[in-house]
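Per-entry structural report
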Amino acid sequence: MNPQAKLIFVTSLLLGTTITISSNHWVMAWTGLEINTLAILPLISKSHHPRAIEAATKYFLVQATASTLVLFSSMTNAWYTGQWDITQLTHPTSSLILTAAISMKLGLVPFHFWFPEVLQGSPIITGLLLSTAMKFPPITLLYMTSLSLNPALLTTLAILSVALGGWMGLNQTQTRKIMAFSSISHLGWMAIILVYYPKLTLLNFYLYAMMTAAVFLTLNSMKVLNLSMLMTAWTKAPSLSTILLLTLLSLAGLPPMTGFLPKWLIIQELTKQDMAPAAIIISLLSLLGLFFYLRLAYCATITLPPHTTNHMKQWHTNKPINPSIAVLTTLSIMLLPISPMLATII
């Protein structure tokens, strides 16, 4: 892609995100979401492969529908209350429509069908943007309207998301699809605590974005698209395989990694809110996700694929590791000891 065009699209992404997260008026928030959608479409379809064009078309249709629902929800609320302020979403029907719209934008169950397909058709770096940066504006809208949302509905969506995210990721061999179902599962954890402790949702999102960025950048450096490629990647980049193992274990939420921190705080807060059954269910369902993270880690570091005599190994090169991968991986592994400080911040 032309560097000038890429610069314009990336600047538009930053502009759209900034407009949405800094606005108080629903129309401005909607404008930011639209700019974001239009800026990411060329990045999804830049390879001109039929699968990429299909992914861009699916993404456009879903996001356009969700944006229409956001506008409809805000107009309904303005009709009944005379308020266009985002924090004044008080009408129950508007809250319900907004929850559906943002769930569609984020890829929460039952509006998740588009996300794995779009991620599979996108380049790895665009997939990283779709999994992290593109989810930030909708999450901020949920954060601002959290007082008006229906707790029972969000808890139901959250438990379904963690269940389906884990269940559907079990049988996948494509790394981007596995990361898509991982994203759906993590969104479930964010949604369940949103009404009770909104800042914890944001902390979970930041940590999730950091760990996911580390995984995507590592996969991009290793040029890995599926599990069979992952099995032979250790000969090319042994250090990256080790980094991937640790980051995946953190993403799975195993102590003493960073990924354990948001799960621990969310379970603690749910117990305080007399929602122990929900906490138990969501914790047990996250074991499904743990299985496919462990399978990825196993393929990356422990498995030796069957070799034929004429099999060509990829011998490792002396290229230095991308510094951003090193920084993100360090943060993804070592932030748990400073959890008291993070807890005081939120």
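Given the structure is predicted, the values throughout are model-derived calculations rather than measurements. (Residues numbered from 1 in each chain as written. Predicted model: local features only at pLDDT ≥ 70, side-chain atom pairs only at ≥ 80, totals over all residues. Heavy atoms only, no water.)

Things to note about the side chain of Ser250
With respect to the helices and strands, Ser250 occurs in helix α12 (residues 238-252). Accessibility expressed as a relative area gives 0% for Ser250, which makes it buried. Among the polar contacts made by the side chain of Ser250, one reaches the main-chain carbonyl oxygen of Ser332 at a distance of 2.5 Å. When sequence neighbours within four positions are dropped, the list of residues in contact with Ser250 reads Met211, Met257, Thr258, Gly259, Phe260 and Ser332. (Helix = DSSP H or I, 4+ residues; strand = E, 2+ residues; numbered from the N terminus. Buried < 20%, exposed > 50% of the residue type's maximum accessible area, 1.4 Å probe, protein only. Polar contact = N/O pair within 3.5 Å; in protein donor to acceptor, adjacent residues only side chain to side chain. Contact = heavy atoms within 4.5 Å.)

A look at the packing of aromatic side chains
The full count for this structure, using the stated rule, is eight aromatic pairs. Between Phe136 and Tyr206 the ring centres are 6.2 Å apart and the planes differ by 55°, which places this aromatic pair in the tilted class. Here Phe136, found in helix α7 (residues 136-144), pairs with Tyr206, found in helix α10 (residues 198-222); they are 70 residues apart in sequence, far enough to count as distant. A residue is classified by how much of its surface remains accessible, and Phe136, at 19% relative accessible area, is buried. On the basis of relative accessible area, Tyr206 is assigned to the partly exposed category, the value being 43%. Joined through ring pairs, the aromatic side chains of Phe136, Phe205, Tyr206 and Tyr208 make up one cluster. One Lys or Arg, Lys135, reaches over the ring of Phe115 and ends 3.9 Å from the middle of that ring. Geometry around Trp189 places Lys263 over its ring, the cationic atom sitting 5.1 Å from the centre. (Phe/Tyr/Trp six-rings, centres within 6.5 Å; stacked < 30°, edge-to-face > 60°. Lys NZ or Arg CZ within 6 Å of the ring centre and 35° of its normal.)

Here's the deal with empty space enclosed by the protein
Tallied over the full model, the rule gives three cavities of 30 Å³ or more. Of the voids in this model, the largest cavity is the one considered here, and its volume is about 80 Å³. In this structure, the largest cavity is lined by Leu33, Asn36, Thr37, Tyr59, Gln63, Lys105, Trp114, Leu130, Met134, Lys135, Pro137 and Pro138. With three residues, helix α2 (residues 26-44) is the single largest residue contributor to the lining of the largest cavity. Residues that form the lining of the largest cavity fall into these classes: seven nonpolar, three polar and two charged. Within this model, the second largest cavity holds a volume of roughly 70 Å³. Ser182, Ser185, His186, Trp189, Leu251, Ala252, Lys263, Ser286, Gly289, Leu290 and Tyr293 are the residues that line the second largest cavity. Elements with a contribution of two residues or more to the lining of the second largest cavity: α9 (175-193), α12 and α14 (276-301). A breakdown of the residues in the lining of the second largest cavity according to their chemical character gives five nonpolar, five polar and one charged. (1 Å grid on protein atoms, 1.4 Å probe; cavity = no way out; pocket = protein on both sides within 12 Å on 5 of 7 lines; lining within 4 Å. Points joined across faces, edges and corners; volume = space filled by probe spheres on them. Nonpolar A, V, L, I, M, F, W, Y, C, P; charged D, E, K, R; others polar.)

Topic: the layout of surface pockets
Size it by volume and the second largest pocket reaches roughly 200 Å³. Surrounding the second largest pocket, Val10, Leu13, Leu14, Thr17, Leu129, Thr132, Ala133, Phe136, Phe205 and Tyr206 form its lining. Those elements that provide at least two residues to the lining of the second largest pocket are α1 (3-22) and α10. By residue number, the principal contributor to the lining of the second largest pocket is α1, which donates four residues. Classifying every residue of the lining of the second largest pocket by side-chain character gives eight nonpolar, two polar and no charged.

With respect to the pattern of salt bridges
Scanning the entire structure with this criterion turns up two salt bridges. Between Lys58 and Glu54 there is a salt bridge; the shortest N-O distance is 2.8 Å. Placement of the pair is Lys58 and Glu54 together in helix α3 (residues 50-81), with a separation of four residues, close to one helical turn. (Salt bridge = Lys/Arg side-chain N within 4 Å of Asp/Glu carboxyl O.)

Digging into the UniProt feature "transmembrane region" (unreviewed entry) in the chain
Within the UniProt annotation, "transmembrane region" (unreviewed entry) is assigned to residues 56-75, 95-115, 152-171, 178-197, 203-222, 243-266, 278-304 and 325-345. The distance from the first to the last C-alpha atom of residues 95-115 is 23 Å, and the span holds 67% helix and 0% strand. (UniProt positions renumbered as here; feature names shortened; annotations may be inferred.)

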